[in-house]
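What the coordinates show
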Amino acid sequence: MATVRELRVYVAQSDTVEAYVAADLGVVVARVSGDKVGEFSLVEQCAARDVATTARGVAAATDEDVLVGDADGLEATGFGPAVAVSSYDDGVLAAGEDGRVARYDGDWSTIGSVDADVRALDADLLAAADGVHRLTDDGIAPAGLDDVRDVAAAGVPHAATPSGLYYLGNGWMDAEAGDFRVVASDPVTASAGELGRAHAATADTLYAHDDGDWDAVSLPVEEPVADVAYAAEAPIVLTQPGTLAVDAGEGFRHRSLGLRGARALAVVAEGNA
């Protein structure tokens, strides 16, 4: 699956990348070069709930619609209020407040629905209040667990839940104990059956995956992690109060964007959104 957290968490080697943040204020883009967070600006004022990079551009889930575009502006697509977005099959995947899941390739096509609140999308995986769901040829099928907050599908699917971090093996297996809120994986370093680079977070601790182990990572700020994305060799961490922390190999450097209710992060090479 080449589109897992797909363009949302990966960009090719580039001197500068654009980091898109979904927050209460709207969609904000910050320029990141190496481990330095530079200028940032408001792309769209809205109540943004999620953001993802897709083959059709940057997609944002808002309380009014799914917006698609780039740093110069986002346009409405007619989906209606959305809670999550992802890249999927060269289009945009979105989930609505009512559990409807649809794909956009210029027009919206409904795939199916779930009878629970959708909390996150990653390629063909959905995290919902009643567990993990998976897109199939026949629609959407339950895939186990309960009360899932986030999913990551690259290499080895992972799920973040209040009872722990799980990976998909012979069923869902324990990866790490704790009250997990976030999980992200890098499809560039992943392969079939191999997770590669990945991160997960509880309310107060960030973990990094290293050769099968999950090790706690020290951040320069004591703030809950909202999301993690990957730019070439540098993981980029977004915190809920709107701080971006970047590690290009010499430890994290950070900058506060002053954004309340930051929820999601999407990274693309500058000019390629």
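Our subject is the structure listed above.
These remarks concern the structure in this document. (Residues numbered from 1 in each chain as written. Predicted model: local features only at pLDDT ≥ 70, side-chain atom pairs only at ≥ 80, totals over all residues. Heavy atoms only, no water.)

1. Structural notes on unusual backbone geometry
Our working rule: Going along the chain from the N terminus, every DSSP run of H or I of four or more residues is numbered as a helix, and every run of E of two or more is numbered as a strand. Residue exposure (1.4 Å probe, protein chains only): buried if accessible area is under 20% of the type maximum, exposed if over 50%, otherwise partly exposed.
Unlike most non-glycine residues, aspartate 89 shows phi in positive territory, near 55°. Summarising the element assignment, aspartate 89 is placed in the loop between strand S8 (82-88) and strand S9 (91-96). A positive phi is found at aspartate 90, a non-glycine position, where the angle reads about 65°. Positionally, aspartate 90 belongs in the loop between S8 and S9. Note on aspartate 90: relative accessible area 56%, which makes it exposed.

2. Describing the pattern of salt bridges
How we decide: Here, a salt bridge means any side-chain nitrogen of Lys or Arg that lies within 4 Å of a carboxyl oxygen of Asp or Glu.
One pass over the structure, following the stated rule, counts 10 salt bridges. The partner of arginine 134 in a salt bridge is aspartate 124, with the nearest N and O atoms 3.2 Å apart. Of the two residues, arginine 134 is situated in strand S14 (residues 131-136) and aspartate 124 in the loop between strand S12 (118-122) and strand S13 (125-128); the sequence distance between them amounts to 10 residues. With a relative accessible area of 25%, arginine 134 lands in the partly exposed category.

3. Regarding the packing of aromatic side chains
Quick note on the threshold: Any Phe, Tyr or Trp ring, taking Trp's six-membered ring, that has another such ring centre within 6.5 Å forms a pair; planes under 30 degrees apart are called stacked, those over 60 apart edge-to-face, and the others tilted. Remark: a charge is flagged as sitting over a ring if the NZ atom of Lys or the CZ atom of Arg is within 6 Å of the ring centre and within 35 degrees of the ring normal.
All chains considered together, the criterion is met by three aromatic pairs. For the pair phenylalanine 79 and tryptophan 108, a centre-to-centre distance of 4.7 Å together with 55° between the ring planes defines the contact as tilted. Residue phenylalanine 79 is located in the loop between strand S7 (73-76) and S8, and its partner tryptophan 108 is located in strand S11 (residues 108-113); the two are separated by 29 residues in the primary sequence. Tryptophan 108 shares its class with phenylalanine 79; the two are buried. Each ring, one from tyrosine 104 and one from tryptophan 108, has its centre 4.9 Å from the other, and the planes form 40°; the classification is tilted. Each member of the pair, tyrosine 104 together with tryptophan 108, is buried. The structure contains a cluster of three or more aromatic residues connected by ring pairs, namely Phe79, Tyr104 and Trp108. The positively charged end of arginine 100 is found above the aromatic ring belonging to phenylalanine 79, 4.1 Å away from the centroid.

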